[in-house]
Amino acid sequence: ARALTPQTAETDAIRFLVGTQSLRYDNQIHIIDFDDENNIINKNVLLHQVGEIWHISTSPADKGVLATCYNKTSDTKVMTCAAVWRMPKELESGSHESPDDSSSNTQTLELLCHLDNTAHGNMACVMWEPMGDGKKIISLADNNILLWDLQESSAKAVLSSSTALEGKGQLKFTSGRWSPHHNCTQIATANDTTVRGWDTRSMRQIYCIENAHGQLVRDLDFNPNKQYYLASCGDDCKVKFWDTRNVAEPVKTLEEHSHWVWNVRYNHSHDQLILTGSSDSRVILSNMVSISSEPFGHMVDDDELSDQEDQHQEEKIKEPLQDSVIATYEEHEDSVYAVEWSSADPWLFASLSYDGRLVINRVPRALKYHILL
């Protein structure tokens, strides 16, 4: 397995979706519910009969709707296609009841619509408009950026605009992220060693970070609280943080992994917490507090302080907190292809390695209280 996503629209129950990559069997989507109080993982399985799942993403507005990019073999050729699906009604929201016998009641996903199968090439990923009503989707296919409108009950996808990467050689997107800022009018994409920003209204390029990494850029993520900040990671084993207003140099670089970094994710609530996953089989949680929205820690109102504390507080304010690696998780024995924060609990995250192992971890308690108090 290499595809993992939180169920974005589910903000009460802790829930992740995993897509499998099996050549021998029908592929599946596993709905993973984590019961936090009893420390139990419950699982429901949905059949995804069309092929190996390379990427999975969920609607920000509708708990039952998701999109997958999957391989389809037709006459000796393998294509990566994308489609939008609905899960069965009873599985839409996170429940803690485990099915009695999961083998007998495996259910199938309902196909809502295809995102144009072959005209634009192989699909790399599908992104939902982050703050939207779940009706706008962007897909990246080879060198094309395609903006889709999902029509009535998502049963039809209409291509509303598109643009293509121009240049020498065979240009191909590897990944992209839709920015939650600027009224959701910007996305960032990665192709080869380059990161580009695009305006979704004009479909024009707005910034370009050439040679953002020494080798292929694998993944991107936007800081949820600081509108110009973007993280990237790649095959040069590095994670870099950019201010998109000045792309000459990264603001910070992390060099903790010893192999390709597949994934980088900002915490949705506390943007100093950064998760990365790599084919060195490790997940690293970093505290990038100097470039976060609270670089000097939690600000305290003057009224709350006595004179003595006041002086102490002023000394504290001058000194930014230090960036550090908080924890390295080594529960995986194979390449970690995905790390994701829970949509419901900001202190909880999941990681997935190629051998199909899913690990759920928490931010260390001491750090949690340090951030909160």
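Residues numbered from 1 in each chain as written. Predicted model: local features only at pLDDT ≥ 70, side-chain atom pairs only at ≥ 80, totals over all residues. Heavy atoms only, no water.

Caption draft 1: The packing of aromatic side chains, seen in detail. What the rule picks out here adds up to 6 aromatic pairs. Measuring from ring centre to ring centre gives 5.3 Å for Y329 and F349, while their planes differ by 70 degrees; the resulting arrangement is edge-to-face. Of the two residues, Y329 is situated in strand β25 (residues 324-329) and F349 in strand β27 (residues 348-353); the sequence distance between them amounts to 20 residues. With relative accessibility at 1%, the residue F349 sits in the buried group. Centre to centre, the rings of W341 and F349 are 5.4 Å apart; their planes meet at 70 degrees, and the pair counts as edge-to-face. Among the aromatic residues, those joined into a ring-pair cluster are W260, W262, Y337 and Y354. Taking the ring centre of Y337 as reference, the NZ or CZ of R2 above it sits at 4.1 Å. (Phe/Tyr/Trp six-rings, centres within 6.5 Å; stacked < 30°, edge-to-face > 60°. Helix = DSSP H or I, 4+ residues; strand = E, 2+ residues; numbered from the N terminus. Buried < 20%, exposed > 50% of the residue type's maximum accessible area, 1.4 Å probe, protein only. Lys NZ or Arg CZ within 6 Å of the ring centre and 35° of its normal.)

Caption draft 2: A look at the UniProt feature "repeat: WD" (unreviewed entry) in the protein chain. As annotated by UniProt and renumbered to match this structure, "repeat: WD" (unreviewed entry) occupies residues 210-246. Helix makes up 0% of residues 210-246 and strand 46%, and the two end C-alpha atoms of the span are 12 Å apart. (UniProt positions renumbered as here; feature names shortened; annotations may be inferred.)

Caption draft 3: Examining unusual backbone geometry more closely. Here C184, not a glycine, exhibits a phi torsion of approximately 55 degrees, which is positive. The exposure class assigned to C184 is buried, which follows from its relative accessible area of 6%. Phi angles above zero are rare outside glycine, and S281 is one such case at about 70 degrees. You can see S281 is positioned in the loop between β23 (273-278) and β24 (283-287).

Caption draft 4: Spatial organisation of the environment of Q7. The topology assignment puts Q7 in the loop between β1 (3-6) and β2 (14-19). Note on Q7: relative accessible area 1%, which makes it buried. Taking the C-alpha atoms as reference points, Q7 and I31, separated by 24 residues in sequence, lie 9.1 Å from one another. Those residues within four positions of Q7 in sequence are excluded, and the remaining contacts are R15, L17, T58, K63, M87, E92 and S343. (Contact = heavy atoms within 4.5 Å.)

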